[in-house]
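Chain and residue survey
Residue strings, one per chain:
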Amino acid sequence: MTVDPHGSSQDAPVRIAEADGQHVVLVFSGTLDAPALRVLEELLLDRRLRQPKTWILEMGELEHIDLACAYALLRTVTRTPAPVALTVRGARPAVHRTLRQAGLNTVAAFTQ
């Protein structure tokens, strides 16, 4: 497991905290809405996300996510060449509700 060598900004609403060939940890914070959608979509194209079979989405610091961003996550996970085991950790009730509205609950496990 490696820490993000690309030095992503700690202020970004989403960043890759850890990545190796087996799993990846994405950390979310603040607000993930229309202005941040491009940042999210660019991050989801990162080559480090192509191989891992296990994704962990750390959402304890995420205050809000809009449906467009939730759908972007769902599209990425469901279009991977191999199935991905997805876990969402620490999502606040409002964030959990939006992810569920987008259908992420059909492909992810939610934990506190």
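In this text the structure is predicted, and so the values were computed from the model without any measurement. Every chain is numbered on its own, with residues counted from 1 as its sequence reads. The predicted origin of the model limits local features to residues at a pLDDT of at least 70 and limits the giving and counting of side-chain atom pairs to 80 or more, whereas totals for whole chains, interfaces and linings rest on all residues. Side-chain numbers come from the whole structure's heavy atoms, not from hydrogens or water.

Note on conventions: DSSP H or I runs of at least 4 residues are helices, E runs of at least 2 residues are strands, and numbering of each starts at the N terminus. Note that Arg-92 resides in the loop between strand S5 (85-89) and helix H3 (93-102). It is 22 Å that separates the C-alpha atoms of Arg-92 and Glu-18, two residues lying 74 residues apart in sequence. Whenever a nitrogen or oxygen atom comes within 3.5 Å of another N or O atom, the pair is scored as a polar contact, on the condition that within protein one atom can donate a hydrogen and the other can accept it, and that pairs from neighbouring residues in sequence are kept only if both atoms are in side chains. A distance of 3.3 Å separates a polar side-chain atom of Arg-92 from the backbone oxygen of Leu-62.

Empty space among the atoms can be located by rolling a probe the size of a water molecule over them. In this analysis a 1.4 Å probe is tested at points of a 1 Å grid over the protein atoms alone, and where it fits but cannot get out there is a cavity; an open set with protein on both sides within 12 Å along at least five of seven lines is a pocket; lining residues have an atom within 4 Å of a point. Grid points are joined across faces, edges and corners, and a volume is the space filled by probe spheres set on the points. Here the largest pocket is characterised by a volume of approximately 270 Å³. As for the largest pocket, its lining consists of 13 residues, and the residues nearest its centre are Leu-44, Leu-45, Arg-75, Thr-76 and Arg-79. Those elements that place two or more of their residues in the lining of the largest pocket are helix H1 (37-44) and helix H2 (67-78). If one sorts the elements of the lining of the largest pocket by residue count, H2 sits on top with three residues. Any residue outside Ala, Val, Leu, Ile, Met, Phe, Trp, Tyr, Cys, Pro, Asp, Glu, Lys and Arg is labelled polar, Gly included; the first ten of those are nonpolar and the last four are charged. Class assignment for the residues of the lining of the largest pocket results in six nonpolar, two polar and five charged.

As a further point, take the pairing of S5. Partly exposed describes any residue whose relative accessible area lies between the buried limit of under 20% and the exposed limit of over 50%, with all areas from a 1.4 Å probe on protein chains only and scaled to the type maximum. Only one face of S5 is covered, namely the face carrying Leu-86 and Val-88; the face carrying Ala-85, Thr-87 and Arg-89 is uncovered. What joins strand S4 (residues 54-65) to S5 is H2, and the crossover it makes is right-handed. Strand pairing is assigned whenever DSSP detects at least two bridges linking the two strands. Sheet analysis places S5 next to strand S6 (residues 108-111), joined by four bridges and oriented parallel. If you follow Leu-86 over to S6, its bridge partner there is Ala-108. Note on handedness: a crossover is taken as right-handed if, strands pointing away from the viewer, the path from the first strand over the helix to the second is clockwise. With H3 bridging S5 and its parallel neighbour S6, the resulting β-α-β unit is right-handed.

What follows deals with the confidence of the model for the protein chain. The predictor attaches a confidence to each residue, called pLDDT, with possible values from 0 through 100. When pLDDT is averaged along the protein chain, the result is 90; 91% of the residues meet or exceed 70. Ranking the helices and strands of the protein chain by mean pLDDT puts H3 first, with 98, and strand S1 (residues 2-3) last, with 32. Whether two residues are in contact is decided by their heavy atoms: any pair within 4.5 Å suffices. Below pLDDT 50 for its whole length, residues 1-9 participates in 16 contacts with residues either more than four positions away or in separate chains.

Moving on: H2. Expected span, for any helix, means 1.5 Å times one less than how many residues it has. A rise of 1.5 Å per residue sets the reference length of H2, with its 12 residues, at 16 Å; its end C-alpha atoms lie 16 Å apart and thus fit the reference within 8%. In this structure, the buried residues of H2 make contact with strand S3 (23-32), H1, S4, S5 and H3.

Turning our attention to the packing of H1 against H2. Two elements in contact, H1 and H2, have axes separated by 10 Å at closest approach and are oriented at 10 degrees. Here H1 lies roughly parallel to H2, going by the angle between them. Between H1, through Leu-37, Leu-40, Glu-41 and Leu-44, and H2, the contact on the second element is made entirely by Ala-68, Cys-69, Ala-72, Leu-73, Arg-75 and Thr-76. Residue classes in the contact of H1 with H2 are distributed as seven nonpolar, one polar and two charged. Axis definition: a line fitted to C-alpha atoms, over the contacting stretch in the case of helices. Angles run 0 to 180 degrees between N-to-C directions. Small angles under 35 degrees read as roughly parallel and large ones over 145 as roughly antiparallel, with 65 to 115 read as roughly perpendicular and the rest as oblique.

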